[in-house]
Amino acid sequence: MSTAAAWVVGFVIFFPILWMILASFKTELEAFSIPPSFLFFHWTLENYETVQGRSDYIHHAVNSIIVAGGSTLIAMLIAIPAAWSMAFAPSKRTKDTLLWMLSTKMMPPVGVLVPIYLLYRTFGLLDTLGGLILVLCLGNLPIVVWMLFTYFKEIPKDILEAARMDGATVGRELVYVLTPMAVPGIASTLLLNVILAWNEAFWTLNLSTSDAAPLTVFIASYSSPEGLFWAKLSAASTLAIAPILVLGWFSQRQLVRGLTFGAVK
Amino acid sequence: MGRITLEGVRKSFGAHAVIHGADLEIEDGSFVVFVGPSGCGKTTLLRLIAGLEDVSDGRILIDGANVVDVPAAKRGLSMVFQSYALYPHMSVRGNIGFGLKMAGLPRAEISRKVEAAAATLNLTPYLERKPRELSGGQRQRVAIGRAIVREPKAFLFDEPLSNLDAALRVQMRLEVTKLQRQLATTAVYVTHDQVEAMTMADKIVVLNAGRIEQYGSPLELYERPANLFVAGFIGSPRMNFIGKATAQRHGAETIGIRPEHLKASRDGEGWEGQVSVAEHLGSDTFLHVDVPEVGSLTARSIGELGLTTGDRVRLLPDPGRIHRFDSDGKTMSNRPPSS
């Protein structure tokens, strides 16, 4: 009974995505015909051809991969040592630092759009991959530090001290004891951050136009100027979410495990 | 070798002083137990020796060399933690051998030593298991195996048996003692359980509020406690303390009599009182007696006396075993002129 309910809820949540994928294989006419045709329509790939022909999907997808991957890697490199020291060698201000970091996420990004835009223009960072990586990395850093901090907190201090008593230097303690124990946490943080960076639209839309533009800009270009072409927009959107959907599909176990870490113990 | 000397060791966390100047000489091969109520600083003192905390002042010498600036990893000591602190992602073999691996020993030698340690601790069938697949007692053995395999200068034990059930605790107590005798390696053992302290130690350090109250063999502490605190802490049930006029008759501020040195009888000599509670343990009976003259006393009698709540009883102290304390709580040296 509950399994059936879960399937129903799951289907309801998934339906818009399914509908979008179906629409991407329809002709424009069928895409907004009423009553809508569900499966029995003329399947076609013409939307995908048009989309690739009109705007370079590969170019945007590569940008998305670079921006999401790059910002995540840099964020992890900064956040792992930061979270480590906060979890295992906290000072009096550690709690305040963490709250301060989180508070930056409470501010609406649009509040700093103008200053950041002007800074970017001055330093020539507009429409560059480096600029996007920088802003997404800094934007997601608080979440990454928080997530890693909570995972590291779960590792008993005794075990690290035991390693020290066993003659392990700090480096070896990290490699042989801490990292293997924190792998689920690090992996799920990494995945979540890639997804967040991939989906991020506000900064990418405002700070890039063509050279560095990731898939968000690619989709946005299908919205208003030519009126709404549902089938083509669907095809573009399907292409945009496809890589992340595949990544999510393969890593769902790891993600769920990471997100419920500690809660189920 | 494993001779540990503490000289004026102090430790503060911020403005809060935890250890107020500890001086101690732990001889090579001896089994020393730190005992005291919770919060007395015994674990902190052990962690200072281990190098897991930095001293605020003073010196710690291991075999004559000052180690206060030597990191824990380089002090050549091994430690058994209360929580066992096993590496969850490693097998028993990996856990026991980790220290040897860090020391850079060849693989074959690690294997040989790990297997020897496992055999000593009856862990051979479990070598390939992960810690989560072991019982509490087995985990405890792995933690001990990890400590002994490195042939350290000294073992440090931080309340290692407190997570075990009572029966297992008694068994492990014996095993740890035997193992230490066999290896003849210095051991420093922290516990709040005075029975563990009395049964395992060559020497006991009684700590209270960050100060060493007394350092001596278990029997010294029992027979000649240095002060009221030690007198009350060592021995079970607790020593009876009597003040006021009765104490003054003995020329002291307070006198102490252990429950086992109070002879209870139905009609004989001594203080007369009424039994408030009688605890029958079979081998012994603990009588809690209200004596109008001196207050509530506990007496321990061998076997059954057949006394129950409300019965009248006479308590006669053994005159040679009355402890006398001055107004500072210090033990007075001379025996009383008369009793």
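Each residue is numbered by its place in its chain's sequence as written, counting from 1. Chain A is the first chain written and ligand 1 is the first ligand written, with later ones labelled in order. Restriction of local features to residues with pLDDT of at least 70 applies here, the model being predicted, together with a cutoff of 80 or more for giving and counting side-chain atom pairs; totals for whole chains, interfaces and linings are based on all residues.

Novice: Explain the overall build of chain B to me, please; I cannot follow it from the model alone.
Specialist: For the purposes of this entry, the term helix denotes a DSSP run of H or I that reaches at least four residues, the term strand denotes a run of E that reaches at least two, and both are numbered from the N terminus. The number of helices and strands found in chain B is 9 helices and 18 strands. Principal-axis analysis of the C-alpha atoms places the extent of chain B at approximately 75 × 45 × 35 Å. The burial criterion counts other C-beta atoms lying within 10 Å of a residue's C-beta, which is placed from the backbone; the residue is buried at 20 or more, exposed at 12 or fewer, and partly exposed between these limits. Split into buried and exposed, the 339 residues of chain B put 41% on the buried side. A pair of residues counts as a contact when their C-beta atoms, built from backbone coordinates, are separated by no more than 7 Å. The contacts in chain B between residues at least 6 apart in sequence include a share of 63% that link residues at least 24 apart.

Novice: Help me understand the overall build of chain A, please; the structure alone is not making it clear to me.
Specialist: If you tally the helices and strands in chain A, you get 12 helices and 0 strands. Its helices and strands taken in sequence order, chain A reads α-α-α-α-α-α-α-α-α-α-α-α from the N to the C terminus. With respect to the three principal axes, the spread of C-alpha positions in chain A is 70 × 60 × 30 Å. Out of the 265 residues belonging to chain A, those deemed buried represent 33%. Sequence-distant contacts in chain A: of pairs separated by 6 or more residues, those separated by 24 or more amount to 79%.

Novice: What am I meant to see in the interface of chain B and chain A here?
Specialist: Frequently, the measure chosen for interface size is the accessible area that the parts lose on association. Counting residues at the interface gives 18 residues for chain B, matched by 15 residues for chain A. For the side of chain B that touches chain A, the secondary-structure elements that each account for two or more residues are β6 (77-80) and α2 (92-102) of chain B. When residue character is reported, Ala, Val, Leu, Ile, Met, Phe, Trp, Tyr, Cys and Pro are called nonpolar, Asp, Glu, Lys and Arg charged, and the others, Gly included, polar. Split by residue class, the side of chain B that touches chain A holds 13 nonpolar, 4 polar and 1 charged.

Novice: Is there a simple way to think about the sheet that holds strand β9 (residues 203-208) of chain B in this case?
Specialist: The pairing of strands in a sheet happens through backbone hydrogen bonds and is either parallel or antiparallel. Residue and element names in this part refer to chain B. With mixed pairing, the 6 strands of this open sheet are ordered in space as β6-β7-β8-β3-β9-β10. Two strands close off the open sheet at either side, each with one partner strand: β6 and β10 (211-216). Taking the axes of each pair of neighbouring strands and ignoring which way they run, one obtains an average angle of 20 degrees across the sheet. Two strands qualify as a pair provided DSSP detects at least 2 bridges between them. For helices, the fitted line uses only the C-alpha atoms of the stretch in contact; every axis is such a line through C-alpha atoms, and the angle between N-to-C directions lies from 0 to 180 degrees.

Novice: Help me understand unusual backbone geometry, please; the structure alone is not making it clear to me.
Specialist: Excluding glycine, a negative phi dihedral is what most residues carry, and trans is how most peptide bonds are arranged. Residue and element names in this part refer to chain B. Residue P237 is bonded to the preceding S236 through a cis peptide linkage, with omega at -5 degrees. One can find P237 in the loop between α8 (228-233) and β11 (240-242). For K244, which is not glycine, the phi dihedral falls at a positive 55 degrees. Look at K244 and you get exposed, because 12 C-beta atoms sit within 10 Å.

Novice: Looking at this structure, how should I read the domain arrangement of chain B?
Specialist: For each domain, the first and last residues come from an automatic or database assignment. Its domain assignment divides chain B into domain 1 (4-229) and domain 2 (241-325). Of note, the centres of domain 1 of chain B and domain 2 of chain B, computed from C-alpha atoms alone, are 39 Å apart.

Novice: Got a minute to help me understand the sheet that holds strand β18 (residues 323-325) of chain B in this structure?
Specialist: Residue and element names in this part refer to chain B. Strand order in the open sheet formed by 3 strands is β11-β12-β18, and the pairing between neighbours is antiparallel. For this open sheet the edge positions go to β11 and β18, each flanked by a neighbour on one side alone. Strand after strand, the sheet turns through a mean of 25 degrees between neighbouring axes, direction not considered. Sheet analysis places β11 next to strand β12 (residues 254-257), joined by 3 bridges and oriented antiparallel. Residue pairing for β12: I242 is matched across the bridge by I255.

Novice: Please clarify how the packing of α2 of chain B against helix α4 (residues 136-148) of chain B should be interpreted in this entry.
Specialist: When two helices pack together, their arrangement is given by the angle between their axes and by how far apart the axes lie. Residue and element names in this part refer to chain B. Running from N to C, α2 and α4 point in directions that differ by 30 degrees, and their axes come no closer than 7 Å. Between α2 and α4, the crossing angle belongs to the class labelled roughly parallel. Pair α2 / α4 crosses with right-handed handedness. Residues V92, N95, I96, F98 and G99 of α2 form the contact with α4, whose participating residues are V142, G145 and R146. Orientation is classified from the angle alone, with under 35 degrees giving roughly parallel, over 145 giving roughly antiparallel, 65 to 115 giving roughly perpendicular, and any other angle giving oblique. Two helices cross in a left-handed way if the nearer one is turned anticlockwise from the farther one by less than a right angle. They cross in a right-handed way if the turn is clockwise.

Novice: How do you make sense of the pairing of β12 of chain B when you look at a structure like this?
Specialist: Within a regular strand, side chains alternate between the sheet's two faces. All names here are of chain B. Going residue by residue along β12, you find T254 and G256 tucked away on one face and I255 and I257 tucked away on the opposite face as well. Where β12 lies against β18, 3 bridges are found, and the strand directions are antiparallel. By the bridge assignment, T254 is partnered in β18 with F325.

Novice: Would you mind going over the domain arrangement of chain A with me for this structure?
Specialist: Residues and elements named next belong to chain A. Partitioning chain A into structural domains gives domain 1 (1-44) and domain 2 (56-259). For domain 1 versus domain 2, the separation of C-alpha centres amounts to 31 Å. Tallying the contact residues gives 9 residues for domain 1 and 7 residues for domain 2. Listing elements by their share of the side of domain 1 that touches domain 2, those giving two or more residues are α1 (2-24) and α2 (28-31). Among the elements that take part in the side of domain 1 that touches domain 2, α1 stands out by supplying 4 residues, more than any other. In terms of residue class, the side of domain 1 that touches domain 2 is built from 5 nonpolar, 2 polar and 2 charged.

Novice: What am I meant to see in α1 of chain A here?
Specialist: Residues spaced three or four apart along an α-helix point in a common direction, a consequence of the helix completing one turn every 3.6 residues. Residue and element names in this part refer to chain A. The span one expects for a helix is its residue count, reduced by one, times 1.5 Å. With 23 residues, α1 extends 33 Å from end C-alpha to end C-alpha; this agrees with the ideal 33 Å at 1.5 Å per step. Bend, at a single residue, is the angle you get between axes fitted to the 7 residues ending at that residue and the 7 residues starting at it. At F14, α1 shows its strongest bend, of approximately 45 degrees, with the proline P16 following within four residues. Among the residues making up α1, those that are buried are L22, A23 and S24.

Novice: What am I meant to see in the environment of L134 of chain B here?
Specialist: Residues and elements named next belong to chain B. When you line up the elements, L134 lands in the loop between α3 (107-120) and α4. For the pair L134 and V92, spaced 42 residues apart in sequence, the C-alpha to C-alpha distance is 9.4 Å. If we ignore the near neighbours within four places in the chain, the residues touching L134 are Y126, R129, R139 and V142.

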